[in-house]
Amino acid sequence: MFVEVVFPLPFRNTFTYSVPDDLKRLANPGVRVVVPFGKRTLTGFVINVSKKTEVKGEIKPVLDFLDTTIIFNSELIKFYQWIADYYLCSLGEALKLGVPPGSEVESKRRIINNKEFCAELLNKEKNKDSLKAKILTILSEKSEINFSSLQSIVKKKNIYSMIRNLENQGAVTVLDQVDKPKVKIKKSRYVKLAASVSSVYSILPEIERRSPNQVKILLQLISAKGKSLPLNELLHRTETSSSAAASLYKKRLIEIFEKEIDRKYEDQYSEKSSQIILTAQQVSVIQQIAESIESSAFQTYLLHGVTGSGKTQVYIELIKKVIEKGKNAIIVVPEISLTPQITSRMYNNFGDVVTVLHSRMSAGERFDAWRRILRGNCKVVIGARSALFAPLKEVGIIIVDEEHDHSFKQTDSVPRYNARDAAIMLGNILKCPVVLGSATPSIESMYNAQTGKYKLLSLPERVDDAKLPIINLIDITLEAKKNRMENVFSKTLIDDIASRLKKKEGVIILQNRRGFSTNIYCSDCGEVETCKNCSVPMVYHINGNYIECHYCSDRREVPPACSHCGSLSIKYFGTGTERVEDELAFYFPASVLQRVDSDSITRKKTMGSVLSQFSKGEIDILVGTQMVSKGIDFARVTLVGVISAETTLWMPDFRADERTFQLLTQVAGRAGRSKVKGEVIIQTRNKNNATLQYVVAYDYEGFYKKEITQRQRLGYPPFSHLCLIEAKDEDEGKVKAAMKDFHHQLSNYKKWITITDPSPAVIARIKGSYRYQILIKSLKTVDPGGKILKKAVIDSFTEFNRKSRFRDVKLFFDVDPQSIM
């Protein structure tokens, strides 16, 4: 028996292995396998099993299978193959999305070295800046180091010959060690009675004379009425030692055994279940989607519902119908901040068959959640992007909430997929309806609905007779001229906050920038304090009194003087959430404030705790980044303030207007979700901007018409396919030359696609690496499915690797990029 295996590595080949007789029963397509790969041991994915092979020469045997249950059936392998083909990655890299991180087995090369000998060799080295000197410096300080760690520190991949020479000299020894999975099943010792209660009672007097502690344990187990108890908890409760339990075990009065512990994520936020009467509009939407549920037919629905229109309740009613049919549901939300409220409502309706998946969970919680889903103990999976790849069987509906959100796009690892688009393809393969919900649908989704590709459904009114809040634009340039600005706040916004607080109403303030000041500027030399690794300004954080780069996380002490000229004339410009919080604390000292951004919401369950306190009125004002703009549904919020509308409006990106419209409309929707009228105050320097005027009027249709006309004229999505190609390296010359070579290969396809010249990215350097980009565009009139564009990229990459001297420069392909910065 032979298996074909793919690996989560950047090549598309499959590799054939033989299966030993004792493992044949485990050999199935769709399971993980541990195999030798060169000098390493790796975890791969079986995609085919056969009794014959055409491979000649030595075929290595499988070492082990990690799974007894099939993870990827033929439908799912087809889905992951689509991800690989569409987003230009290997099948193995795509399949890796479907397994929990840390559960793989792989070997690591470790270098064991003689520190003293390495120090001697370093002293003899003449060029202290050479690669060899850098390696010897590290090896003279550490007795052990991973090969990959050494590569990372010296920032060179090809150090093999150097290490081999050191090994020949006797300075180091290289070992291949197989690492066990970082995450595994958690087990704990449990205790229960092994004898009948009557027989235990009969010997209690005799035991009591010799060991009163043993009696305490027995009485506690009797009161448990046949249930097993955790051993540690039992010993703590009875104030006894493990020796007392061991004695009872020897007497065969108790049984001690290991039991698997299910690490279940629980949020601190919870809501009371309430009886909800559906509106006629909600009923109509549910009935239309239910037709696809009943017939198990694929159809994409775009649910365009204003904020507060009851989209979540529609999702709940649809899931009820899916479960009645014996099927299951996946709900994908963009932000972790969205999960506490929607998850609480799911638990209220469906109980323990709901499983949550997101990145704030511990590795053990994610592993157990994944295994729970695989075993079939779950009917509803809810979470961020990763929830889409849960091994849920019999999927009857896929729901993508806030479908417009750009965080659905994976940007920092391969494959760079869009979870919304992948959800639609998964629904197509599994033959189930897909619901895309949003108050501000993406331009692409609305275009697909207008052209008949999706079915458009609407919820144009809020539930419970609530009305959309009034939005007011405040021109802060005019306010400043009238002396009506209080630092970053207009007098209008300050007065309105005071009025709402007096009535014990909730207030949300949005400023989509972290930190206190976003720029540190020297008024003498004109230089800005920038990051050493990235071409961006350092941000001042007042709470810890440090400056930090928000791209590479480099953190430094606040400079006492300008680092360029030594001047003491340093000024702090720009406004972040910390400054907004600080000023609000000054104006409203009696109020309770809470900042909500990625700096303050660092620990697990923090967001749930904050929302719980805010809902009870224990927090008066929430100040935050875009995390406060969606998913927060509280009747007590009557005022939303936006410090600056321009944070996203002036970005050099074709989606800047769309992002601004969506962000401001979404945050405005947090106000007035009850019979108390809500209000939104947006501060701006550009009051007449067309996008802001559409926000004030709640005119999505007008904004869409304006935006779709511009996109068509300029040939941007949805009228074209885009692929952003990016090269990264610490040597700017090599990056530039590599992109020039790649551009030369792409030029063979310029008859069918538009290719920009290689140019530095807007942020030209991140984490020490220079970035150059090429944007490729193919019009859908010429290339409807994007096949020409992908062929151009793949063929050019093949030729680049064959011919270019700079093929060691890293290239990244981003199909359908959400940002071209």
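Whatever comes next refers back to the structure up there.
Residues numbered from 1 in each chain as written. Predicted model: local features only at pLDDT ≥ 70, side-chain atom pairs only at ≥ 80, totals over all residues. Heavy atoms only, no water.

**Student:** I'm lost on the overall build of the chain in this one. Help?
**Tutor:** Counting secondary structure elements, the chain contains 26 helices and 36 strands. Radius of gyration (C-alpha) of the chain: 30 Å, near the 28 Å computed for a compact globule of 821 residues. Dimensions of the chain, computed from C-alpha atoms along their principal axes, come out at roughly 90 × 75 × 65 Å. Evaluated residue by residue, the chain yields a buried proportion of 53% over its 821 residues. For the chain, contacts bridging at least 24 residues in sequence account for 75% of all contacts bridging at least 6. For the chain, the exposed area adds up to about 38,200 Å²; of that, 48% sits on carbon and sulfur atoms. Placing the 121 positive and 93 negative side-chain charges of the chain at their respective mean positions leaves the two points 3 Å apart. (Helix = DSSP H or I, 4+ residues; strand = E, 2+ residues; numbered from the N terminus. Rg over C-alpha atoms; globule rule 2.2 N^0.38 Å. Buried < 20%, exposed > 50% of the residue type's maximum accessible area, 1.4 Å probe, protein only. Contact = heavy atoms within 4.5 Å. Areas by Shrake-Rupley, 256 points an atom, 1.4 Å probe, with all protein chains shown as cover. Lys, Arg positive; Asp, Glu negative; His and termini not counted. Charge placed at Lys NZ, Arg CZ, Asp CG, Glu CD.)

**Student:** Explain the pattern of salt bridges to me, please; I cannot follow it from the model alone.
**Tutor:** Summed over all chains, the structure comprises 42 salt bridges. A salt bridge links glutamate 479 to arginine 484; the nearest nitrogen and oxygen atoms lie 3.3 Å apart. Across the pair aspartate 657 and lysine 706 runs a salt bridge whose closest N-O atoms are separated by 3.1 Å. Linking aspartate 657 in helix α22 (residues 656–668) with lysine 706 in helix α24 (residues 700–714), this pair joins segments that are 49 residues apart in sequence. Linked through salt bridges whose partners overlap, the residues forming this network are Asp657, Glu658, Lys706, Glu707 and Arg711. (Salt bridge = Lys/Arg side-chain N within 4 Å of Asp/Glu carboxyl O.)

**Student:** Help me understand the sheet that holds strand β31 (residues 679–684) in this model?
**Tutor:** Each strand in a sheet pairs with its neighbour through backbone hydrogen bonds, running either in the same direction (parallel) or in the opposite one (antiparallel). Pairing is parallel across the open sheet formed by six strands, whose spatial order is β19-β31-β30-β22-β29-β28. Both outer strands of the open sheet, β19 (470–475) and β28 (593–596), are each paired with one neighbouring strand and no more. Mean inter-strand twist for the sheet, computed between neighbouring axes without regard to direction, equals 15°. Pairing of strand β22 (residues 506–510) with strand β29 (residues 621–624), which is carried by four bridges, proceeds in the parallel orientation. Pairing of isoleucine 509 across the sheet is with valine 623, part of β29. Strands β19, β22, β29, β30 (637–642) and β31 of the sheet are contacted by helix α18 (residues 491–502), whose axis makes an angle of about 155° with β31. (Pairing = 2+ DSSP bridges. Axes fitted to C-alpha atoms, helices over the stretch in contact; angles between N-to-C directions.)

**Student:** Just to check I follow, could you spell out the nonpolar core for this structure?
**Tutor:** Most often, soluble globular proteins have nonpolar side chains that are buried together. Judged by nonpolar contacts, the single largest core of 115 residues is most densely connected at Phe72, Phe79, Tyr80, Leu388, Ile682 and Ile725. Per element, the largest residue contribution to this core is eight residues, and it comes from helix α1 (residues 74–86). (Core = buried A, V, L, I, M, F, W, Y, C linked by side-chain atoms within 4.5 Å.)

**Student:** Help me understand α1, please; the structure alone is not making it clear to me.
**Tutor:** In this model, α1 (13 residues) spans 18 Å end to end at C-alpha, consistent with the 18 Å of a helix rising 1.5 Å per residue. Within the span of α1, buried status applies to Leu76, Ile77, Phe79, Tyr80, Trp82, Ile83, Ala84 and Tyr86. In this structure, the buried side of α1 is in contact with α2 (91–95), α15 (419–430), β32 (720–729), α26 (787–803) and β36 (810–815). You can read the cap of α1 off the contacts: a side-chain oxygen lies 3.1 Å from the backbone nitrogen of glutamate 75, and it is on asparagine 73. (Expected span 1.5 Å × (residues − 1). Polar contact = N/O pair within 3.5 Å; in protein donor to acceptor, adjacent residues only side chain to side chain.)

**Student:** Please explain the sheet that holds strand β24 (residues 539–541) as it appears in this structure.
**Tutor:** One open sheet holds the three strands; their spatial order is β24-β25-β26, and the pairing between them is antiparallel. Taken across any chain shown, the strands that pair with only one partner, and hence form the sheet edges, are β24 and β26 (555–557). For this sheet, the mean angle separating the axes of adjacent strands, direction not counted, is 35°. Bridging between strand β25 (residues 546–548) and β26 involves three bridges; their strand directions are antiparallel. Following the sheet pairing, isoleucine 547 is matched in β26 by arginine 556.

**Student:** Can you walk me through unusual backbone geometry in this structure?
**Tutor:** A negative phi holds for most residues other than glycine; trans holds for most peptide bonds. A cis amide bond links valine 414 to the next residue, proline 415, at an omega of 0°. If you trace the backbone, proline 415 turns up in the loop between β16 (395–401) and α15. In this structure, the amide linkage connecting proline 717 to the following residue, proline 718, adopts the cis form with an omega of 15°. Within the element layout of this structure, proline 718 appears in the loop between α24 and β32. Of note in this structure, asparagine 483 is not a glycine but carries a positive phi near 55°. For asparagine 483, the position within the fold is in the loop between α17 (476–481) and β20 (485–486). Even without a glycine there, the phi angle at serine 553 is positive, about 65°. By the secondary structure assignment, serine 553 is in the loop between β25 and β26. Take serine 553: its relative accessible area is 52%, and that puts it in the exposed class.

**Student:** What is the right way to look at the pairing of strand β9 (residues 186–193) in this model?
**Tutor:** A regular strand places its side chains on the two faces of the sheet in alternate fashion. As judged from the eight bridges shared by β9 and strand β11 (residues 254–261), these two strands associate in the antiparallel manner. Across the sheet, lysine 187 pairs through a bridge with glutamate 260, a residue of β11. The sheet contact formed by β9 and strand β10 (residues 229–230) spans two bridges and is antiparallel. By the bridge assignment for β10, valine 191 is matched with leucine 229.

**Student:** Would you take a moment to explain the packing of aromatic side chains for this structure?
**Tutor:** Applying the stated criterion across every chain yields a total of 32 aromatic pairs. With a centroid separation of 5.9 Å and 75° between ring planes, the pair formed by phenylalanine 45 and phenylalanine 72 is classed as edge-to-face. Remark: phenylalanine 72 occurs in the loop between β5 (64–65) and α1 and phenylalanine 45 occurs in strand β4 (residues 40–50); sequence separation between them is 27 residues. With relative accessibility at 3%, the residue phenylalanine 45 sits in the buried group. Between phenylalanine 654 and tyrosine 716 the ring centres are 4.4 Å apart and the planes differ by 10°, which places this aromatic pair in the stacked class. One end of the pair, phenylalanine 654, is in the loop between α21 (646–649) and α22; the other, tyrosine 716, is in the loop between α24 and β32, and 62 residues separate them in sequence. Put simply, the rings of Phe45, Phe72, Phe79, Tyr80, Phe389 and Tyr417 touch in pairs and so form one group of aromatic residues. Sitting above the plane of the tyrosine 546 ring, arginine 555 keeps its charged end 3.9 Å from the centroid. (Phe/Tyr/Trp six-rings, centres within 6.5 Å; stacked < 30°, edge-to-face > 60°. Lys NZ or Arg CZ within 6 Å of the ring centre and 35° of its normal.)

**Student:** Explanation requested: the environment of serine 535 in the structure shown.
**Tutor:** Mapped onto the fold, serine 535 is located in the loop between β23 (519–522) and β24. Looking at serine 535, the relative accessible area reads 40%, which means it is partly exposed. Between the C-alpha atom of serine 535 and that of glutamate 116, which follows or precedes it by 419 residues, the distance is 40 Å. Apart from the residues within four sequence positions on either side, serine 535 is in contact with Ile763, Ala764 and Arg765. One polar contact links the side chain of serine 535 to the main-chain amide nitrogen of alanine 764, over a distance of 3.0 Å.

**Student:** Explain a nonpolar patch on the surface to me, please; I cannot follow it from the model alone.
**Tutor:** Together, Val197, Tyr201 and Leu219 make up an exposed nonpolar region whose accessible area comes to about 270 Å². Position of leucine 219 among the secondary structure elements: in helix α8 (residues 212–223). When its relative accessible area of 41% is taken as the criterion, leucine 219 is described as partly exposed. (Patch = residues over 30% accessible without salt bridge, like charges linked within 9 Å, V, L, I, M, F, W, Y side chains within 5 Å.)

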